[in-house]
Amino acid sequence: MSWTLDKVILSPDSARLFRREELPRRGALFAEIGFGNGDFLVNLASARRDALCVGIEVSLTSLLKAARKVLRGGIDNVKLLNGDGSFLLREFFLPETVEGVFVNFPCPWPKKRHSKRRLINSLFADNLAGALKIGGFFELASDEKWFVDEARGCLLENGALEVEEIQHHLGGPIGTKYEQKWISLGKSIYRLRATKVSFFRTTSIVDWEEVTLDINKEMPKGWRMGKLGFMTNKTGGDDRFKWTFKDAFFGDDETGLLQVITADDGFQQKFYVRVIPRENSVLIKLDDASTVYRTPAVKESFKALAEEIGKL
Ligand SMILES: C[S@@+](CC[C@H](N)C(=O)[O-])C[C@H]1O[C@@H](n2cnc3c(N)ncnc32)[C@H](O)[C@@H]1O
């Protein structure tokens, strides 16, 4: 990533420092989840120069496009995070600090078999309520009435949120790309607003203090880096988290690289672990090109890899 984009996009590593050093010093905090082309976020940030506006997106293409827009506009109160909005609402923000959360035209995933992919569920409602300060609000806009109905039901399950009736009208103050698209096709727009009215907190699972994941494992007898290939498709974990080792690669520099996929409550991360032979040991470390949130699944995958290497 270029150094300029780096000023706007927070990687898991820079998010850690920002969260500790900058976040508590900022004024009002707003978040937009699934910001797409970034227009709404940029407009919000321009209208509220006193506030920090955090955009969360799963799409890297959208992330880069929006970051360029922010830089071109000379806007200094926007930060972007790559990842799932529900997870990052809970993990990135300090408890009960966010003034407002916006979700504009989320993917509805209408098919039943895709319903687990829908952003708004009971876990989202809890993560939202945990991030919002008392008096903070949530706004959802969608062209799908059934989706907003379902979202309303999920929000109502969290007793700290006061959920209003669904509003049905055409257009909002700042039309997003999808809003303009649906309106031009003659579709209706549904809006839902909720306010946090009482204390509610969630527990973060990311270890924000832990920096290193390095493990130094005693080198097994007859060790060859090629043995790392035996890890491929090994998997483990429990109800809350899972890890899988994928492809292994071997460099000319005697080191090995293993691809790892982890999931914590469905939050996926993909990264590479470098395995480096030392005199009598094997060093297992996060590859320099990878950054991850230090979740239980990530930590356990390192421990499991060390254990497996011991068996080789
Ligand atoms: C239909 S588009 C709407 C974009 C924009 N808000 C608009 O109104 O024009 C939905 C966006 O949500 C993003 N998205 C989907 N699931 C997400 C998640 N779990 N967390 C964050 N962003 C997500 C998609 O990548 C996509 O950019």
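Note that this is a predicted model, so its numbers are computed, not measured. (Residues numbered from 1 in each chain as written. Predicted model: local features only at pLDDT ≥ 70, side-chain atom pairs only at ≥ 80, totals over all residues. Heavy atoms only, no water.)

### Some details on the site of the ligand
In step 1: If you check the shell around the ligand, you find 18 residues, and the closest are G34, E57, D84, N104 and T176.
In step 2: At 2.5 Å from an oxygen atom of the ligand is found a side-chain nitrogen or oxygen belonging to E57.
In step 3: At 2.9 Å from a nitrogen atom of the ligand is found a main-chain nitrogen or oxygen belonging to G85.
In step 4: Surface burial for the ligand is 86%, taken as the share of its 600 Å² of free accessible area covered by protein chains.
In step 5: Each residue belonging to the shell around the ligand can be placed in one class, and the counts come to eight nonpolar, seven polar and three charged. (Near = heavy atom within 4 Å. Polar contact = N/O pair within 3.5 Å; in protein donor to acceptor, adjacent residues only side chain to side chain. Areas by Shrake-Rupley, 256 points an atom, 1.4 Å probe, with all protein chains shown as cover. Nonpolar A, V, L, I, M, F, W, Y, C, P; charged D, E, K, R; others polar.)

### Digging into the UniProt feature "binding site: S-adenosyl-L-methionine" (unreviewed entry) in the protein
In step 1: Per the UniProt record, "binding site: S-adenosyl-L-methionine" (unreviewed entry) is annotated on E32, E57 and D84. For the annotated residues, spread through 53 residues, the largest C-alpha to C-alpha distance comes to 11.7 Å, consistent with a single compact locus.
In step 2: Relative to the assigned elements, E57 resides in strand β3 (residues 52-57).
In step 3: Using a relative accessible area of 8% as the deciding quantity, one classes E57 as buried.
In step 4: Beyond its immediate sequence surroundings of up to four residues, E57 is in contact with G34, F35, G36, S62, L63, L81, N82 and G83.
In step 5: Here the side chain of E57 touches F35 through a polar contact of 3.4 Å, landing on its backbone nitrogen.
In step 6: Among the structural elements, D84 can be located in the loop between β4 (78-82) and α5 (85-92).
In step 7: Other than its neighbours up to four places away in sequence, D84 contacts I56, V58, L119 and F267.
In step 8: Polar contacts involving the side chain of D84 include one to the main-chain amide nitrogen of F87, which spans 3.0 Å. (UniProt positions renumbered as here; feature names shortened; annotations may be inferred. Helix = DSSP H or I, 4+ residues; strand = E, 2+ residues; numbered from the N terminus. Buried < 20%, exposed > 50% of the residue type's maximum accessible area, 1.4 Å probe, protein only. Contact = heavy atoms within 4.5 Å.)

### Points about the packing of aromatic side chains
For any pair of aromatic rings, the description consists of the separation of the ring centres together with the inter-plane angle of the planes.
In step 1: Evaluation of the coordinates by the stated rule reveals 16 aromatic pairs.
In step 2: Arranged with centres 6.3 Å apart and planes meeting at 15 degrees, the rings of F18 and F92 form a pair that is stacked. Taken together, the residues span a long stretch of sequence, with F18 in helix α2 (residues 12-22) and F92 in helix α5 at a distance of 74 residues.
In step 3: Take F92: its relative accessible area is 1%, and that puts it in the buried class.
In step 4: Judged by centre distance (5.2 Å) and plane angle (75 degrees), the ring pair of F92 and F93 falls under edge-to-face.
In step 5: On the basis of relative accessibility, which here comes to 2%, the residue F93 falls in the buried class.
In step 6: Aromatic rings pair up to connect F30, F40, F102 and F137 into one cluster.
In step 7: Of note, R117 hangs over the ring of W109, and the distance from its end group to the ring centre comes to 4.6 Å.
In step 8: Above the plane of the ring of W182 lies K187, whose end atom (NZ or CZ) is 4.6 Å from the centre. (Phe/Tyr/Trp six-rings, centres within 6.5 Å; stacked < 30°, edge-to-face > 60°. Lys NZ or Arg CZ within 6 Å of the ring centre and 35° of its normal.)

### Focus: unusual backbone geometry
In step 1: Notably, E96 is not glycine yet its phi reads approximately 55 degrees, a positive angle.
In step 2: With respect to the secondary-structure elements, E96 resides in the loop between α5 and β5 (98-104).
In step 3: If you check the backbone angles, F105 has positive phi at about 50 degrees while not being a glycine.
In step 4: Classification of F105 as buried rests on a relative accessible area of 9%.

### Focus on the UniProt feature "binding site: substrate" (unreviewed entry) in the protein
In step 1: Mapped onto this numbering, the UniProt entry gives "binding site: substrate" (unreviewed entry) at K111, D143, T176, K177, Y178 and E179. Spatial dispersion of the annotated residues is evident: they stretch over 69 residues in sequence, and the largest pairwise C-alpha distance comes to 24.3 Å.
In step 2: Note on placement: D143 falls in the loop between β6 (132-142) and α7 (145-156).
In step 3: For D143, the residues in contact, after removing those within four places along its chain, are F105, W182, K187, S188 and Y190.
In step 4: A polar atom in the side chain of D143 sits 3.2 Å from the side chain of W182.

### Comments concerning helix α6 (residues 122-131)
In step 1: The buried count for α6 comes to seven of ten residues, which makes it a mostly enclosed element.
In step 2: Turning to α6, its buried residues number three or more, namely F124, A125, N127, L128, A129, G130 and A131.
In step 3: Structurally, the start of α6 carries an N-cap: the backbone nitrogen of L123 is 3.2 Å from a side-chain oxygen of N121.

### Quick notes on the environment of E308
In step 1: Summarising the element assignment, E308 is placed in helix α9 (residues 296-311).
In step 2: For the pair formed by E308 and R90, sequence separation is 218 residues and the distance between their alpha carbons is 32 Å.
In step 3: Apart from residues lying up to four places away in sequence, E308 is in contact with M231 and K234.

### Details of the environment of F302
In step 1: Within the secondary structure layout, F302 lies in helix α9.
In step 2: Taking the relative accessible area as the measure of exposure, F302 reaches 2% and is therefore buried.
In step 3: C-alpha separation for the pair F302 and V260, spaced 42 residues apart in sequence, amounts to 9.5 Å.
In step 4: With residues up to four places along the chain from it excluded, the contact list for F302 reads L213, I215, F271, V273, I284, K285 and L286.

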